[in-house]
Amino acid sequence: MDWMAWTGPTATFFVIIACLLITFTVLAIKYPETPRVGVLGIETTRGDRLFITLLGSAFLNLGWLGLVDASQWGALVVCAVYAVAVFRWV
């Protein structure tokens, strides 16, 4: 597969995303939930909040790369706080 550089961090990223999807699928089957309305004013489920978290984290990381001259670990901390906020209030 010469078209992509499979580095350790790249493989780890995809493994974590796959594990998240599997975990949320098992949770949805084992503990079905009813959608709830949060601060956005729309009904969301766990899967919706996971998607919002992943999408927002991607934009936060891109913004961090373009605007901040600091280690990417700082963006990870910001994304973790963002994820907690999304799952708590959205």
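Further up the page is the structure itself.
**What to know about the pattern of salt bridges**
- Inspection of every chain in the model, using the stated rule, returns one salt bridge.
- With a shortest N-O distance of 3.5 Å, Glu-33 and Arg-49 are connected by a salt bridge. Residue Glu-33 is located in the loop between helix H1 (8–30) and strand E1 (36–37), and its partner Arg-49 is located in helix H2 (residues 46–67); the two are separated by 16 residues in the primary sequence.
- The class of Glu-33 is partly exposed, set by a relative accessible area of 31%.

**Some words on the environment of Thr-44**
- Along the chain, the position of Thr-44 falls in strand E2 (residues 43–44).
- Considered as a pair, Thr-44 and Trp-73 are 29 residues apart in the sequence and their alpha carbons are 29 Å apart.
- Dropping the residues within four chain positions of it, Thr-44 is found in contact with Pro-35, Arg-36, Arg-49, Ile-52 and Val-90.
- In this structure the side chain of Thr-44 is engaged in a polar contact, spanning 3.1 Å, whose partner is the side chain of Arg-49.
- Within the local environment of Thr-44, its side chain forms a polar contact with the backbone oxygen of Val-90, the two atoms lying 3.2 Å apart.

**Focus: a nonpolar patch on the surface**
- A surface patch of nonpolar side chains, amounting to about 580 Å² of accessible area, comprises Phe-51, Leu-55, Phe-59, Leu-62 and Leu-65.
- Following the sequence through the fold, Phe-51 ends up in helix H2.

**Structural notes on the packing of aromatic side chains**
- Here the structure, examined in full by the defined rule, presents two aromatic pairs.
- The interplanar angle of 80° and the centroid separation of 5.2 Å between the aromatic rings of Phe-13 and Phe-14 together place this pair among those described as edge-to-face.
- Residue classification places Phe-14 among the partly exposed positions, given a relative accessible area of 40%.
- Between the aromatic rings of Phe-24 and Phe-87, the centroid separation amounts to 5.9 Å while the plane-to-plane angle is 50°, which identifies the pairing as tilted. A residue pair is termed long-range when its members are at least 10 positions apart, and Phe-24 in helix H1 and Phe-87 in helix H3 (residues 72–89) qualify at 63 residues.

**Brief notes about H2**
- In a regular helix each residue adds 1.5 Å, so 22 residues correspond to 32 Å; H2 covers 31 Å between its end C-alpha atoms and thus fits that length.
- Turning to H2, its buried residues number three or more, namely Arg-49, Leu-50, Thr-53, Gly-56, Ser-57 and Trp-64. Along the axis of H2, the buried positions cluster into a sector of 140°, meaning they face one direction only. Along H2, exposed side chains directed more than 90 degrees from the buried face belong to Phe-51, Phe-59, Leu-62, Leu-65 and Gly-66.
- Buried residues belonging to H2 abut H1, E1, E2 and H3.

Thresholds applied
Numbers given for residues are sequential positions, taken from 1 along each chain in its written order. The model is predicted, so local features are restricted to residues of pLDDT at least 70 and side-chain atom pairs to those at 80 or more, both for listing and for counting; the totals for chains, interfaces and linings are taken over all residues. Based on all heavy atoms of the structure, the side-chain values leave hydrogens and waters out of the count. The salt bridge definition used is simple: a Lys or Arg side-chain nitrogen within 4 Å of an Asp or Glu carboxyl oxygen. Put simply, DSSP marks the helices as runs of H or I at least four residues long and the strands as runs of E at least two long, and each gets a number from the N terminus on. Partly exposed residues are those whose accessible area sits between 20% and 50% of the maximum for their type, while under 20% is buried and over 50% is exposed, using a 1.4 Å probe and protein chains only. Here, residues are in contact when the closest pair of their heavy atoms is within 4.5 Å. Residues adjacent in sequence count toward polar contacts only when both atoms are side-chain atoms; beyond that, a polar contact is any pair of N or O atoms within 3.5 Å, and within protein one must be able to donate a hydrogen and the other to accept it. Residues forming no salt bridge and having over 30% relative accessible area are the ones grouped into patches, like charges within 9 Å of each other and nonpolar side chains (Val, Leu, Ile, Met, Phe, Trp, Tyr) within 5 Å. Every accessible area reported is derived by Shrake-Rupley at a probe size of 1.4 Å, with residue values counting cover from the shown protein chains alone. Ring geometry is summarised as follows: Phe, Tyr and Trp rings, the Trp one being its six-membered ring, pair when their centres sit within 6.5 Å, and such pairs are stacked at plane angles under 30 degrees, edge-to-face over 60 and tilted between the two. To estimate how far a helix should reach, multiply one less than its number of residues by 1.5 Å. When we speak of the arc, we mean the arc of directions from the helix axis to the C-beta atoms.

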